[in-house]
Amino acid sequence: MAGVTLKDICKVYDGGVYAVNHIDLEIKDREFMVLVGPSGCGKSTTLRMIAGLEEISSGTITIGSKVVNNVPPKDRDIAMVFQNYALYPHKTVYENMAFGLRLRKFPKADIDKRVRSAAEILGIENFLDRKPKALSGGQRQRVAVGRAIVRKPEVFLFDEPLSNLDAKMRVQMRTEISKLHTRLETTMIYVTHDQIEAMTMGDRICVMKDGVIQQVDTPLNIYDRPANTFVAGFIGTPPMNIFSGIIRYIDGKLCFNNSNMTIQLPEIWKPVAEKYIEKPILFGIRPEDIGSERAENDPNAQSIQARIEVIEPMGAETYLYLDARTDNKASCIARVNAHKQVKVGETLSLPLLLDNAHLFDQTTTMLLT
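As the structure is a prediction and not an experimental result, all values here were calculated from the model. All chains use their own residue numbering, which begins from 1 and follows the written sequence. Thresholds applied to this predicted model are a pLDDT of at least 70 for local features of residues and 80 or more for the giving and counting of side-chain atom pairs; totals over whole chains, interfaces and linings are not thresholded and use all residues. With hydrogens and water set aside, each side-chain value is computed from the structure's full complement of heavy atoms.

Right, let's get into the overall build of the protein chain. Looking only at helices and strands, one finds 10 helices and 19 strands in the protein chain. With the principal axes as the frame, the protein chain shows a C-alpha extent of 80 × 45 × 35 Å. Residues are treated as being in contact if the distance between any of their heavy atoms lies within 4.5 Å. The long-range share in the protein chain, meaning contacts at least 24 apart out of those at least 6 apart in sequence, stands at 65%. Note on areas: Shrake-Rupley with a 1.4 Å probe; residue coverage comes only from the protein chains shown. When the accessible surface of the protein chain is summed, it comes to about 17700 Å², and 48% of that surface belongs to carbon and sulfur atoms. The convention is simple: Lys and Arg are positive, Asp and Glu are negative, and His and the chain ends are not counted. By convention, the point assigned to a charge is CZ for Arg, NZ for Lys, CD for Glu and CG for Asp. Positive and negative side-chain charges in the protein chain, numbering 46 and 45 respectively, have mean positions lying 8 Å apart. Secondary structure elements follow DSSP: runs of H or I of four or more residues count as helices, runs of E of two or more count as strands, with numbering from the N terminus.

Bringing helix α4 (residues 137-149) into the picture now. Every α-helical turn comprises 3.6 residues, leaving residues that sit three or four positions apart pointing alike. When the terminal C-alpha atoms of α4 are compared, their 18 Å separation across 13 residues agrees well with the 18 Å that a helix rising 1.5 Å per residue should span. Per-residue accessibility, obtained with a 1.4 Å probe over protein chains only, is compared with the maximum for each type, and a residue is labelled buried under 20%, exposed over 50%, and partly exposed between these values. Where burial is concerned, most of α4 is hidden: 11 out of the 13 residues are buried. Within the span of α4, buried status applies to Gly-138, Gln-139, Gln-141, Arg-142, Val-143, Ala-144, Val-145, Gly-146, Arg-147, Ala-148 and Ile-149. Buried-residue contacts for α4 involve β6 (78-81), α2 (93-103), α3 (108-122), β7 (155-159) and α5 (167-184). Multiplying 1.5 Å by the helix residue count minus one yields the expected span of that helix.

Within β7, 5 of the 5 residues are buried, which leaves it mostly tucked inside the rest of the structure. Where burial is concerned, the two faces of β7 agree: the one with Val-155, Leu-157 and Asp-159 and the one with Phe-156 and Phe-158 are both buried. Note: two strands are recorded as paired if DSSP finds a minimum of 2 bridges between them. Pairing of β6 with β7 involves 4 bridges; the strand directions are parallel. Bridged to Ala-79 within β7 is Phe-156. Here β7 pairs with strand β8 (residues 187-192) via 5 bridges, running parallel.

Spatial strand order, β2-β1-β4-β5: 4 strands in an open sheet with antiparallel pairing. Both outer strands of the open sheet, β2 (17-27) and β5 (66-67), are each paired with one neighbouring strand and no more. Sheet analysis places strand β4 (residues 58-63) next to β5, joined by 2 bridges and oriented antiparallel. Paired with Ile-63 across the two strands is Lys-66, which belongs to β5.

So this is what it looks like as C-alpha cells:
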C-alpha cells in the first residue's frame, strides 16, 4: 500500500480561474481521507488530478515514493469508483468486474479467483450472471466497488459514490465501505459534499472551499475546534450558531455583547478575549449547547431570551428555530430533548453551555486561540 502527497497543487483554467489553489495535503498509508465541501470547491478536481484524469497546472503529486505528475492513469496503481457506477450495460456483473484484469492479461484462473473473492466480500456472489439493468442502485454500486477491489491497487479513489442512492441505502453503503476499508487495510480517498458521510467515514477530513483547504483533522477535532466560521457552519447538523457583537467589560465582567444579548465569558477565555476589547467579534455555539439538559444543570451557564418560530420534531430530539432578535433576523437553532414541552410563539430563557463555544475574528473569520 502507499500514502499520497500533494505538494503546492494548482489547477488553473482559462482566464486564470483557480479550481484548486496551492493546496498541500499528506494522506497516510492505509488512511481513509475524506475531501468534503460544497459544490465547486475543487474536491472532485483534486481527486481527478490524483487519478491522472485531470492535468495539474503546477505542483507535485506523489503516490508511495513515486512522483506521478507525468504518469498515465493506468500506470498509477489506483482504482476509482465513480458517482454513476460506469458499468458496461451489455456485460454481466462477472464480466464488468473481470474486464480490467483481462485487459492486463491476467491468467484466467487468477481473474476468476479475484472476482469471486470480491463478490463474496461485497455480498453480490449471487448476481454474477446478471446484467446491470437487473440490479438495484446499491447492487450496481457494489459491482463498481468490486471492479476496483479485484485490481488490488495501492490507492482507492471514490468520487461521490453514494449520491445516486436513496437515504436508507446511503447509510447502508457508507457502513459497507467503512468495513471494506478495515478489511482491506488500504489507502482510500473519498470525495463527498455530505458532511454526515465525512464525519462517519473518515479517519481524517479535509474541508475545502473555493479551491482552498480550510482545515484537515479528525472528525471530532474539526467538530469541536473548527478553524473558521465556514468550517463551523459546514460541519454539523444543524450548523453552529454564529452571533456578531463586541467584547467589553460590563459591571467589571468580561462579556460578549450586542444589542440583544450579554454573555459573560468564562475566565479561561480572558487572555484571548481581552485582545479584542471594543472590537467586532463573532461568537459561535452549537445547537446542542442551547437549552439542553446539560446546559440547564450547569451552574455556570448563561442565558438568552428567544422566541420559537419553528419546531422540527426529529424523533429522538427536536430542533427549535428561534428568533433571538440578533441582527434583526431569526438567527438561532437549538437542539433539545424530544420531550421538552414547547410551542410556536413561546418566548424562552435558554441556558447556554459555554464549554464548547468559540470566538472568531469578524474580519478573518478565523478561530481565536
